[in-house]
Amino acid sequence: MARKLLLEHINVPGINTLEVYRQKGGYRAVEKALKTLTPDEVVEEVKKSGLRGRGGAGFPTGMKWSFLAKPEGVPRYLVCNADESEPGTFKDRYLMTYIPHALIEGMIVASYALGAHTSYIYVRGEMMPQIRILEKAIAEAKAAGLLGQKILGTDYSLELYVQPGGGAYICGEETALLESLEGKRGNPRIKPPFPAIAGLYGCPTVVNNVESIAAVVPIINDGGDEYAKIGIGRSTGTKLISASGNLVKPGVYEIELGLPVEEFIYSDEYCGGIANGKRLKATVAGGSSVPILPANLTLKYANGEPRLMSYESLSEGGFATGTMLGSGGFIAFDEDQCIVRNTWNFSRFYHHESCGQCSPCREGTGWLEKILHKIEYGHGTMDDIELLWDVQRKIEGNTICPLGDAAAWPVASAIRHFRDEFEWHIKEPVKSQQQNYGIANYAVPIEKVVEVKQDNL
């Protein structure tokens, strides 16, 4: 059984309350950090852990913290990005729903490390139940002396606030989030300056994902070196995966990074295989913005070696034969799913969510949606495939924030790996409205079910 650091007690009755959370060792990290470690020592432990941002970019968390400017007399802020708007990703919502004190404890420790005395949790506006849960948990922590003035009798004080967002995908981008938090329209800022220099209200700010902040708790409890022993290579620790799509057991799983993709999909400990006895056709491994991969490249590299659930392994081969771990939104597609329709659906989303600030994204996402709709509904031409490729190429890398890239990459990878399915929609417009393309013409299906040996359980 894989080690669990964040979800170890997730099924304990009442774990969402302060009393039960403390019975299970909660807030030990706060006491250890505030009473035995300096802020710089906390940052050093996070550096040693090798923790990488769990929101999608995978940037080393400790290094990000070390960039924070510390001018005299200027407040610093920690902002938790709980916007979680990436289609296919729901792990942060799960964590906030069932074990909110893990996030609050992480916020206290991280705020102490950064010298922040006012911190915010920015939650997607549609997640009103989670907002209420967090507000209740914060009130419990404050009543117990874990928030507010002179926490646990130390000289450190922290006020923590929950801020609902407006429900815009773009506000998952850290500078757009800060604009929204300041009461402005959520448009991304031009960088530099970076938030570590001029963030919230023009002050030094660190923005981290929910899972990243919660992971600070086991790092401080067990030490950065111990945390770094889990995982593989530069992908250290555990990772929450939001598994959805055509799986026997969709849900949120905590895995040790380095787990074979094949085992994650097919073993009973995790997803249990493809639902209804069907074959795997394709996967999106890290949320809707990462490249889609066919079944054969999902399970193995182009050279036939097994692919692993890690930052490095999933990106092996670049976008030609690889993808990204991203936020961990793992979507599985069975043999009956239509790649063209799925790509159109993603493009509809990005067109709708574009803030409109950059012309390539504002105009390009609309063209992607229109052309894909044309192909999906039997009115496409072969030239449309080339036009799609040209439009996505002119969006990628030409926008202020990564939303343009997020819109372009699914289209590019779908054409790269499933071009014959696009062509079939164009050549067989009537048939494409009556049946799906299937699986046989583009990939060698790999259907070996992983047998988990008893001695590995």
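Residues numbered from 1 in each chain as written. Predicted model: local features only at pLDDT ≥ 70, side-chain atom pairs only at ≥ 80, totals over all residues. Heavy atoms only, no water.

Looking at an unreviewed UniProt entry, one finds the protein chain named NADH-quinone oxidoreductase subunit F, with Pedobacter albus as its source organism. The UniProt entry for the protein chain carries the following comment under Function (unreviewed entry): "NDH-1 shuttles electrons from NADH, via FMN and iron-sulfur (Fe-S) centers, to quinones in the respiratory chain." The UniProt entry for the protein chain carries the following comment under Catalytic activity (unreviewed entry): "a quinone + NADH + 5 H(+)(in) = a quinol + NAD(+) + 4 H(+)(out)". (UniProt positions renumbered as here; feature names shortened; annotations may be inferred.)

Participant: Can you explain the packing of helix α5 (residues 91–98) against helix α7 (residues 128–143)? Please cite residues and give values.
Facilitator: The interhelical angle for the contact between α5 and α7, taken along N-to-C directions, is 40°, at an axis separation of 8 Å. Taken together, the axes of α5 and α7 lie oblique to each other. The handedness of the crossing between α5 and α7 comes out as left-handed. Within the contact between the two elements, α5 uses Arg93, Met96 and Thr97 and α7 uses Gln130, Ile133 and Leu134. When the residues that make up the contact of α5 with α7 are grouped by side-chain class, the tally is three nonpolar, two polar and one charged. (Axes fitted to C-alpha atoms, helices over the stretch in contact; angles between N-to-C directions. Helix = DSSP H or I, 4+ residues; strand = E, 2+ residues; numbered from the N terminus. Parallel < 35°, antiparallel > 145°, perpendicular 65-115°, else oblique. Left-handed = near helix turned anticlockwise from the far one by under 90°. Contact = heavy atoms within 4.5 Å. Nonpolar A, V, L, I, M, F, W, Y, C, P; charged D, E, K, R; others polar.)

Participant: Any chance you could break down helix α8 (residues 174–181) for me, citing the residues and the numbers?
Facilitator: Residues three or four positions apart in an α-helix share a direction because the helix packs 3.6 residues into each turn. Within α8, eight of the eight residues are buried, which leaves it mostly tucked inside the rest of the structure. Listing the buried residues of α8 in full gives Glu174, Thr175, Ala176, Leu177, Leu178, Glu179, Ser180 and Leu181. Packed against the buried residues of α8 are α4 (61–66), β1 (77–82), β2 (118–123), β3 (159–164) and β4 (205–209). Count one or two residues on from α8 and you reach glycine 183, which has phi positive near 90°. (Buried < 20%, exposed > 50% of the residue type's maximum accessible area, 1.4 Å probe, protein only.)

Participant: Which residues make up the sheet that holds β4, and what values go with them?
Facilitator: With parallel pairing, the four strands of this open sheet are ordered in space as β3-β2-β1-β4. Bordering the open sheet on either side are β3 and β4, each of which pairs with just one other strand. Taken over all neighbouring pairs, the strand axes of this sheet differ in orientation by 20° on average, direction set aside. Here β1 runs beside β2; their pairing, made up of six bridges, is parallel. Bridging across to β2, asparagine 81 finds its partner in tyrosine 122. Where α7 meets the sheet, it contacts β2 and β3, and its direction lies at approximately 170° from that of β3. (Pairing = 2+ DSSP bridges.)

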